[in-house]
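# Examination of the molecular architecture
Residues per chain, in single letters:
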Amino acid sequence: MSKLTIGDVAPDFTVAGTDGTNHRDYTLSDYRGRTVVLVFYPADNSPVCTVQLGDYNTHFGELAGAGAQVLALSPQSLESHDEFHAAHGPFEFPLLADEDKAAGAMYGILGPLGFYRRSIFVVGPSGVIGYAHRSITSLSYQPAEAIIAAVENTL
């Protein structure tokens, strides 16, 4: 699939996730009518991912106040996500286990070797992508302030 960009309809998906305690399926279209921030991150417990999700967690109130629901996806298992929640959370948003990388593939965020590229998509209430960012290197991420601005511009 070609890379999604601003103005494209966000592909729907259903992925198992955890809030650190409870496991359930999360479906993107269930959030229609709300803005959703999709955070694709490479790995639980890695240094940059830990800082990135910690930054978003710290600013979660501002994101939620702007009307956004955060969904963070990586290819690790629910058990790995639960451990990540316990060690570095609790996170105010669910961690989704895209173990087969199907959601990542739909969003065009897989690198040449099949690894997740750190990426952010802001999906507006109508299901259209209002912001898209894919990191070229896995060592950098979009700070929470940039995501909050993207959410505010997508409303």
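Scroll up to find the structure.
Attention in this report is confined to the structure presented alongside it. As the structure is a prediction and not an experimental result, all values here were calculated from the model.

With omega at 0 degrees, the peptide bond leading from Gly-89 into Pro-90 counts as cis. For Pro-90, the position within the fold is in the loop between helix 3 (78–88) and strand 5 (95–97). Even without being a glycine, Asn-45 presents a positive backbone phi close to 65 degrees. Of note, the phi angle at Lys-101 is positive, near 60 degrees, even though the residue is not glycine. Structurally, Lys-101 can be placed in the loop between strand 5 and helix 4 (102–106).

Right, let's talk about the pairing of strand 4 (residues 68–74) for a bit. Counting buried positions along strand 4 gives seven out of seven residues, so the element sits mostly inside the fold. Burial of the side chains of strand 4 extends over both faces: Ala-68, Val-70, Ala-72 and Ser-74 are buried on one face and Gln-69, Leu-71 and Leu-73 on the other. Strand direction decides the pairing type here: strand 3 (residues 35–40) and strand 4, joined by six bridges, are parallel. Residue pairing in the sheet places Val-36 in a bridge with Gln-69 of strand 4.

Grouped together as the largest cluster of nonpolar side chains are 24 residues, with contacts concentrated most on Val-37, Leu-53 and Phe-93. The set of elements that each furnish at least two residues to this core consists of strand 3, helix 1 (47–58), helix 2 (60–65), strand 4, strand 6 (119–123) and helix 5 (144–154). Residues Leu-4, Ala-10, Ile-109 and Ile-129 belong to the second largest nonpolar core, which totals 20 residues.

What follows concerns the packing of aromatic side chains. Across all of its chains, the model carries ten aromatic pairs by this definition. Centre to centre, the rings of Phe-13 and Tyr-107 are 6.2 Å apart; their planes meet at 80 degrees, and the pair counts as edge-to-face. With Phe-13 in the segment before strand 1 (14–18) and Tyr-107 in the loop between helix 4 and strand 6, this residue pair connects regions lying 94 residues apart in the sequence. One aromatic cluster in this structure is built from Phe-13, Phe-40, Tyr-107, Tyr-116 and Phe-121. In this arrangement the basic side chain of Arg-24 is found over the ring face of Tyr-26, its NZ or CZ atom lying 3.8 Å from the centre.

Of note, Thr-27 is situated in strand 2 (residues 23–27). You can call Thr-27 buried: its relative accessible area is 16%. Not counting chain neighbours up to four residues away, the residues in contact with Thr-27 comprise Asp-12, Phe-13 and Thr-14.

As for its placement among the helices and strands, Gln-142 is situated in the loop between strand 7 (129–134) and helix 5. Residue classification places Gln-142 among the buried positions, given a relative accessible area of 18%. A distance of 3.3 Å separates the side chain of Gln-142 from the side chain of His-133, its partner in a polar contact. Leaving out residues up to four positions away in the same chain, Gln-142 has contacts with Tyr-56, Ile-120, Tyr-131, His-133 and Ile-147.

How each quantity is defined
- Residues numbered from 1 in each chain as written.
- Predicted model: local features only at pLDDT ≥ 70, side-chain atom pairs only at ≥ 80, totals over all residues.
- Heavy atoms only, no water.
- Helix = DSSP H or I, 4+ residues; strand = E, 2+ residues; numbered from the N terminus.
- Buried < 20%, exposed > 50% of the residue type's maximum accessible area, 1.4 Å probe, protein only.
- Pairing = 2+ DSSP bridges.
- Core = buried A, V, L, I, M, F, W, Y, C linked by side-chain atoms within 4.5 Å.
- Phe/Tyr/Trp six-rings, centres within 6.5 Å; stacked < 30°, edge-to-face > 60°.
- Lys NZ or Arg CZ within 6 Å of the ring centre and 35° of its normal.
- Contact = heavy atoms within 4.5 Å.
- Polar contact = N/O pair within 3.5 Å; in protein donor to acceptor, adjacent residues only side chain to side chain.

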